[in-house]
Amino acid sequence: SRVGGIPEIIENGYTAILVEPRDVGGFADALAFCILGREKSSQMGRALQKRVVTDFNIAQMVEKTIALYR
């Protein structure tokens, strides 16, 4: 759901589906989309994996932490 730092990582509709907190209907729709649209949900999973490896790897996180302290 769209809480905390999750929206920073997720690109809605491209790497995953973001749902507002406590939106049970939206969650059900997103889940149905993933079950019924397996190819699209697989594409989103691959896109998210690529984003995490590229933008949130340990080297990037260390670099960002050092920059923050500077």
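Examining the overall build of the protein
In step 1: Summing up its helical and strand segments, the protein has four helices and zero strands in all.
In step 2: Its helices and strands taken in sequence order, the protein reads α-α-α-α from the N to the C terminus.
In step 3: The C-alpha radius of gyration of the protein comes to 15 Å, more than 25% above the 11 Å expected for a compact globule of 70 residues.
In step 4: Taking the principal axes of the C-alpha coordinates as reference, the protein spans close to 45 × 25 × 10 Å.
In step 5: Counting only residues that meet the buried cut, the protein has 16% of its 70 residues in that class.
In step 6: Within the protein, contacts between residues separated by at least 24 positions form 40% of all contacts whose residues are at least 6 apart in sequence.
In step 7: Carbon and sulfur atoms form 60% of the exposed surface of the protein, whose accessible area is close to 5,400 Å².
In step 8: When the 9 basic and 8 acidic side-chain charges of the protein are each reduced to a single mean position, those positions are 4 Å apart.

Some remarks on helix α4 (residues 58–69)
In step 1: The end-to-end C-alpha distance of α4, which contains 12 residues, comes to 17 Å, matching closely the 16 Å that a straight helix rising 1.5 Å per residue would cover.
In step 2: With zero of its 12 residues buried, α4 lies for the most part at the surface.
In step 3: The backbone nitrogen of A59 lies 3.0 Å from a side-chain oxygen of the residue at the head of α4, namely N57.

Notes on the packing of helix α2 (residues 24–36) against helix α3 (residues 38–55)
In step 1: Interaxial distance between α2 and α3 falls to 5 Å at its minimum, and their mutual angle equals 100°. The pairing of α2 with α3 is recorded here as roughly perpendicular in orientation. Contacts between α2 and α3 involve F33, C34, I35 and L36 on the former and, on the latter, R38, K40, S41 and M44.

Observations regarding the side chain of T15
In step 1: If you trace the backbone, T15 turns up in the loop between α1 (6–9) and α2.
In step 2: The exposure class of T15 is buried, given its relative accessible area of 2%.
In step 3: A polar side-chain atom of T15 sits 2.7 Å from the main-chain amide nitrogen of E11.
In step 4: Here T15 is in contact with I9, I10, M44, G45, A47, L48 and R51, once residues within four sequence places are set aside.

Description of the pattern of salt bridges
In step 1: In this structure the tally under the stated criterion is four salt bridges.
In step 2: A salt bridge links R2 to E20; its shortest N-O distance comes to 2.6 Å. Taken together, the residues span a long stretch of sequence, with R2 in the segment before α1 and E20 in the loop between α1 and α2 at a distance of 18 residues.
In step 3: On the basis of relative accessibility, which here comes to 34%, the residue R2 falls in the partly exposed class.
In step 4: With a closest N to O distance of 3.6 Å, E39 and R46 form a salt bridge.
In step 5: With a relative accessible area of 53%, E39 lands in the exposed category.

Cut-offs and rules
- Residues numbered from 1 in each chain as written.
- Predicted model: local features only at pLDDT ≥ 70, side-chain atom pairs only at ≥ 80, totals over all residues.
- Heavy atoms only, no water.
- Helix = DSSP H or I, 4+ residues; strand = E, 2+ residues; numbered from the N terminus.
- Rg over C-alpha atoms; globule rule 2.2 N^0.38 Å.
- Buried < 20%, exposed > 50% of the residue type's maximum accessible area, 1.4 Å probe, protein only.
- Contact = heavy atoms within 4.5 Å.
- Areas by Shrake-Rupley, 256 points an atom, 1.4 Å probe, with all protein chains shown as cover.
- Lys, Arg positive; Asp, Glu negative; His and termini not counted.
- Charge placed at Lys NZ, Arg CZ, Asp CG, Glu CD.
- Expected span 1.5 Å × (residues − 1).
- Polar contact = N/O pair within 3.5 Å; in protein donor to acceptor, adjacent residues only side chain to side chain.
- Axes fitted to C-alpha atoms, helices over the stretch in contact; angles between N-to-C directions.
- Parallel < 35°, antiparallel > 145°, perpendicular 65-115°, else oblique.
- Salt bridge = Lys/Arg side-chain N within 4 Å of Asp/Glu carboxyl O.

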